[in-house]
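Spelled out from the first residue to the last, the chains are:
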Amino acid sequence: MESISFHRRMKNRVQPIDAATAQRWARRLTMRVGKVLAAHPQANPDNVRHTLILLEQPPLERLQRSLIRGRATAIFRK
Amino acid sequence: MAAPLPFSESELRLLQVLLKRKVRFMVVGLSAATLQGAPVVTQDVDLWFENLGEPKISQALQEVGAAYVPPSNFNPPMLAGAGAELFDIVIRMDGLGTFAEEFKNCVDVRLGRQKLKVLSLERILASKIAANRAKDKLTIPVLRDALAATQSVKRRPKKK
């Protein structure tokens, strides 16, 4: 039951976006990554990009993603 | 209320009862870092309590069918029972001040009508640098970059 409601919630979060919107979002993201790297040249661009993407999600969803991946990694290690 | 994404109904209930009874605790470690946007993975949620001997904690745990298990031999203190599996108890935070000092450095994360105290990313980084275990060394650069990115977002002027 829990997993069904979880999948339903996740499905509801997927919103269709057109290619132009996606491209605008990607351009904006690239610009923001560039700004952070200009102030912190030693920072890893991937870490910065992933953080900026995660900041667009609500905090509890960020934790959800992290727990799913953390557990998957643990299972893979066993 | 439906359980927010990462928590089952029983896990959510446990947190809510602790908050309702005004138990002073905060989320620390990598789960706290992910709540603030750091791209790291974790398997559990670390909770730091101001005073584990506080009767309010046992009462809250009892209310949801969980219990506090004190440390013994090789086992650290832990929570057991309904909704407790996800949570780990932290009894020491390297490189940080007292609980009361760090409580001031917390950020609030909304959990239904209540607010969960979460140790700030800056202080999580400080604790990882101080602990300096092999697993911490892997996350330090990621946390440092995440902090740089989150600070840039906070500094961004709002559009009029």
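Not measured: the values here are computed from a predicted model.

**Q** Tell me about the overall build of chain B, and name the residues and values.
**A** Each helix and strand counted, chain B has six helices and seven strands in total. Reading chain B from its N terminus to its C terminus gives the helix and strand order α-β-α-β-α-β-β-β-α-β-β-α-α. The C-alpha radius of gyration computed for chain B amounts to 16 Å, which stays within 12% of the reference 15 Å derived for 160 residues, consistent with globular compactness. Across its three principal axes, chain B shows a C-alpha extent of roughly 45 × 45 × 25 Å. Counting the 160 residues in chain B, one finds 38% classified as buried. Sequence-distant contacts in chain B: of pairs separated by 6 or more residues, those separated by 24 or more amount to 56%.

**Q** Lay out the environment of Ala33(B) with the relevant residues and their values.
**A** Mapped onto the fold, Ala33(B) is located in helix H2 (residues 29-35). For the pair Ala33(B) and Ile124(B), spaced 91 residues apart in sequence, the C-alpha to C-alpha distance is 7.0 Å.

**Q** Give a description of the pairing of strand S2 (residues 45-49) of chain B that names residues and reports values.
**A** All names here are of chain B. With four of its five residues buried, S2 lies for the most part within the structure. Where strand S1 (residues 25-28) meets S2, four bridges bridge the pair, whose relative direction is antiparallel. Bridge pairing in S2 places Phe-25 opposite Phe-49. Sheet analysis places S2 next to strand S5 (residues 87-90), joined by four bridges and oriented parallel.

**Q** Can you tell me about the interface of chain B and chain A, naming the residues and giving the values?
**A** In this assembly, 24 residues from chain B lie in contact with 28 residues from chain A. Element by element, the count of residues in the side of chain B that touches chain A is highest for helix H6 (residues 134-155) of chain B, at nine residues. Looking at the side of chain B that touches chain A residue by residue, the class counts come to 15 nonpolar, eight polar and one charged.

**Q** Describe the confidence of the model for chain A, with residues and values.
**A** When pLDDT is averaged across chain A, the result is 82; 73% of the residues are at 70 or more. Confidence scores differ between elements of chain A, with helix H1 (residues 2-13) of chain A showing the lowest mean pLDDT of 50 and helix H3 (residues 45-54) of chain A the highest of 97.

Thresholds, definitions, all that
Residues numbered from 1 in each chain as written. Chains lettered and ligands numbered in written order. Predicted model: local features only at pLDDT ≥ 70, side-chain atom pairs only at ≥ 80, totals over all residues. Helix = DSSP H or I, 4+ residues; strand = E, 2+ residues; numbered from the N terminus. Rg over C-alpha atoms; globule rule 2.2 N^0.38 Å. Buried ≥ 20, exposed ≤ 12 C-beta atoms within 10 Å, placed from the backbone. Contact = placed C-beta atoms within 7 Å. Pairing = 2+ DSSP bridges. Nonpolar A, V, L, I, M, F, W, Y, C, P; charged D, E, K, R; others polar. pLDDT = per-residue confidence, 0-100.

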